[in-house]
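Residue-level structure breakdown
Below are the chains, spelled out letter by letter.
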Amino acid sequence: MTNISITEIVDHNFSDLNYDKVIILPERKGTHVISPYASTALSFIKTLKKENIPTEFLEMPETLLEQRGVEWIGPTLLVFSSLYNSNPDFFNLLIEIIKNHVMSIYPSHQIPEVKLNINVQKTKSKKVTNVNYEGTVEGLKVLAKKLEEICDEEK
Amino acid sequence: MKKNKITFEQIDSLFVSLVEDSISEMQFTTAEKIITERIKVLRSNIDLYRSFKFIAIENNLEVQANSLLHMQCTLQSIHSVFLTFTLIRQNLNLKAWISLIDAYEYLDIAIKVKEIVHTHIGLPIDDSNGVFEIRRRILNIEKGLFPSHKVYNSSALIETLGKCSICKNNFQDCEHIESNIYSGLYCQRIEKEILDVDHIAMVENPKDRRCVYTSQHNLKGIAVDIFSREPLEQSLNNNEFRGLVYYKGQLDIN
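This section reports on the structure supplied with the text.

**So, the overall build of chain B**
Scanning chain B for helices and strands turns up 5 helices and 8 strands. Reading the secondary structure of chain B in the N-to-C direction produces α-α-α-α-α-β-β-β-β-β-β-β-β. Principal-axis analysis of the C-alpha atoms places the extent of chain B at approximately 70 × 50 × 40 Å. Per-residue burial for chain B yields a buried fraction of 31% across its 254 residues. Pairs at least 24 residues apart make up 67% of the contacts formed inside chain B by residues separated by at least 6 positions.

**Focus: the overall build of chain A**
A count of helices and strands for chain A gives 4 helices and 9 strands. Secondary structure of chain A in N-to-C order comes out as β-β-β-α-β-β-β-β-α-α-β-β-α. For chain A, whose C-alpha radius of gyration is 15 Å, the value lies close to the compact-globule estimate of 15 Å for 155 residues. On the principal axes, the C-alpha backbone points of chain A span a range of 45 × 35 × 30 Å.

**Some details on the interface of chain A and chain B**
Every contact between the two is made by 21 residues of chain A and, on the other side, 26 residues of chain B. Put simply, the parts of the chain that give the side of chain A that touches chain B at least two residues each are α1 (41–50), β5 (64–67) and α3 (90–105) of chain A. Residue classes in the side of chain A that touches chain B are distributed as 8 nonpolar, 10 polar and 3 charged. Pairing analysis gives 4 bridges linking β5(A) to strand β1 (residues 152–159) of chain B, with the strands arranged antiparallel. Across the sheet, Leu64(A) pairs through a bridge with Glu159(B), a residue of β1(B).

**Considering the packing of helix α2 (residues 32–58) of chain B against helix α3 (residues 62–89) of chain B**
Residues and elements named next belong to chain B. Interaxial distance between α2 and α3 falls to 9 Å at its minimum, and their mutual angle equals 160°. Classed by the angle they form, the pair α2 and α3 counts as roughly antiparallel. Between α2 and α3 the crossing geometry is left-handed.

**Notes on the pairing of strand β9 (residues 128–135) of chain A**
Residue and element names in this part refer to chain A. The pairing of strand β1 (residues 3–9) with β9 spans 7 bridges and is antiparallel. If you follow Asn3 over to β9, its bridge partner there is Glu134. As judged from the 8 bridges shared by strand β8 (residues 114–121) and β9, these two strands associate in the antiparallel manner. Note on β9: the bridge partner recorded for Ile118 is Val131. Here β8 folds back onto β9 in antiparallel fashion, the turn holding 6 residues, of which Lys126 has a positive phi close to 65°.

**Description of the environment of Lys21(A)**
All names here are of chain A. When you line up the elements, Lys21 lands in the loop between β1 and β2 (22–25). A sequence separation of 33 residues divides Lys21 from Pro54, and the C-alpha atoms of the two residues are 5.0 Å apart. Those residues in contact with Lys21, other than ones at most four positions away along the chain, are Pro54, Thr55 and Glu56.

**A few points about α3(A)**
All names here are of chain A. Spanning 16 residues, α3 covers 23 Å between terminal C-alpha atoms, matching the ideal 22 Å at 1.5 Å per step. Those residues of α3 lying buried are Phe90, Phe91, Leu94, Ile95, Ile98, His101, Val102 and Ile105. Along the axis of α3, the buried positions cluster into a sector of 130°, meaning they face one direction only. Among the structural elements, α1, β6 (72–73), α2 (81–86), β8 and α4 (140–152) are those in contact with the buried residues of α3.

**Some words on the environment of Glu8(A)**
Residue and element names in this part refer to chain A. As for its placement among the helices and strands, Glu8 is situated in strand β1. Judged by the 9 C-beta atoms lying within 10 Å of it, Glu8 falls in the exposed class. Once the C-alpha coordinates of Glu8 and Leu48 are considered, the two residues, 40 residues apart in sequence, prove to be 26 Å apart.

**Describing unusual backbone geometry**
All names here are of chain B. Unusually for a residue other than glycine, Asn91 sits at a positive phi of about 60°. Of note, Asn91 is situated in the loop between α3 and α4 (93–120). One non-glycine residue, Lys168, lies in positive phi territory at about 70°. Structurally, the position occupied by Lys168 is in the loop between β2 (163–164) and β3 (181–182).

**Focus: the sheet that holds strand β3 (residues 37–38) of chain A**
Ordered in space as β3(A)-β5(A)-β1(B)-β6(B), the 4 strands form an open sheet in which the pairing is mixed. Two strands in the sheet have a free side with no partner beyond their single neighbour: β3 of chain A together with β6 (194–203) of chain B. By the bridge criterion, 8 bridges tie β1(B) to β6(B) in an arrangement that is antiparallel. Within β6(B), the position partnered with Asn153(B) by the bridge is Met202(B).

**Points about the pairing of strand β7 (residues 76–80) of chain A**
Residues and elements named next belong to chain A. Within β7, 5 of the 5 residues are buried, which leaves the element mostly enclosed by the surrounding structure. Burial of the side chains of β7 extends over both faces: Thr76, Leu78 and Phe80 are buried on one face and Leu77 and Val79 on the other. Sheet topology note: the β7/β8 ladder contains 4 bridges and is parallel. Bridged to Leu77 within β8 is Ile118.

**Examining the packing of α3(A) against α4(A)**
Residue and element names in this part refer to chain A. Relative to each other, α3 and α4 sit at 150°, their axes nearing to 9 Å. With respect to each other, α3 and α4 are oriented roughly antiparallel. The two elements α3 and α4 cross, and the hand of that crossing is right-handed. Judged by residue contacts, Phe91, Asn92, Ile95, Ile98 and Lys99 of α3 engage Leu140, Lys141, Leu143, Ala144, Leu147 and Glu148 from α4.

What counts and how
- Residues numbered from 1 in each chain as written.
- Chains lettered and ligands numbered in written order.
- Predicted model: local features only at pLDDT ≥ 70, side-chain atom pairs only at ≥ 80, totals over all residues.
- Helix = DSSP H or I, 4+ residues; strand = E, 2+ residues; numbered from the N terminus.
- Buried ≥ 20, exposed ≤ 12 C-beta atoms within 10 Å, placed from the backbone.
- Contact = placed C-beta atoms within 7 Å.
- Rg over C-alpha atoms; globule rule 2.2 N^0.38 Å.
- Nonpolar A, V, L, I, M, F, W, Y, C, P; charged D, E, K, R; others polar.
- Pairing = 2+ DSSP bridges.
- Axes fitted to C-alpha atoms, helices over the stretch in contact; angles between N-to-C directions.
- Parallel < 35°, antiparallel > 145°, perpendicular 65-115°, else oblique.
- Left-handed = near helix turned anticlockwise from the far one by under 90°.
- Expected span 1.5 Å × (residues − 1).
- Arc of directions from axis to C-beta.

In structure tokens, the structure reads:
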């Protein structure tokens, strides 16, 4: 079953960040002295860079949050709508990379569900929308569509 | 002194014979003497196939290296099943359960490598392949020998980044991706240090099925061992349970 929930983030400090990159955010901000990143973040950033998606960590990771559920829990991403505005295929490409990344990790009889948090910051208004996805890798194309719709609201 | 050479086809043929022999004995009623001998034979063959794999890696023979990793992991899976049998007979039930989950995980890697090899040669594998038959047998052994576990522990841990099992560099500094296969080598994040426990949850589908509850209250309300049904030495209140929350061990693959 695919579940997508959308929330506006009012209190954020992403406005000063680079518009041309995907930013990987730490998890559980504020609960630990050093904010940990999702344990999947290190491998995932390697895949994104290999696929020529400009990506950076918000700050260099020092610790990871290893969650022992059966799902693939991706790192929280911050994506700027300018990436989509300059390449209308950006979200389809990003989702395809996520799908292939997950499928490369597991044997075919064990492809797990995916949990993802993607924050989209609109370039003009600086508004940030959080999109939370829980579902199959096949269902990810619905997520791409939803991310496009959020960015299109500003056009 | 003349050295005898062995071809890849001969190695493959020996592997098939060894698996067939082992599977024919892979039942709980097999005599302990035979199980002990089988464990020895499998152990030495795991080392042998691992050394064949490193020869293939040294010679840049990627498909052969992957095939040999498949063979090594399949033998490790079967070895773990025989170890499960012998551990149950020694009343080491939790260790036996852990060994059974090792069997699944080694086999899942064997299946993954087999899929890569078959994709390379353009022949995708299906459910009728021998590796899936071994998986079905392990599932039957689980159902026949162990109690069913409806819930498991799932812990979220704060840990250090660790190193790469392939190149031994800090994991953030190399290009290897966790759980991917690189010419006969399986990438793991190793030497991780646990710094803190974020939370522990009770889940139906954990990442690690080793993390079971090991106590249960019987119909009389007495806390018993979930495997042996023997009362625990130290009694527990109705809302208290024992269990494994985290298993630190890693599969021995590379």
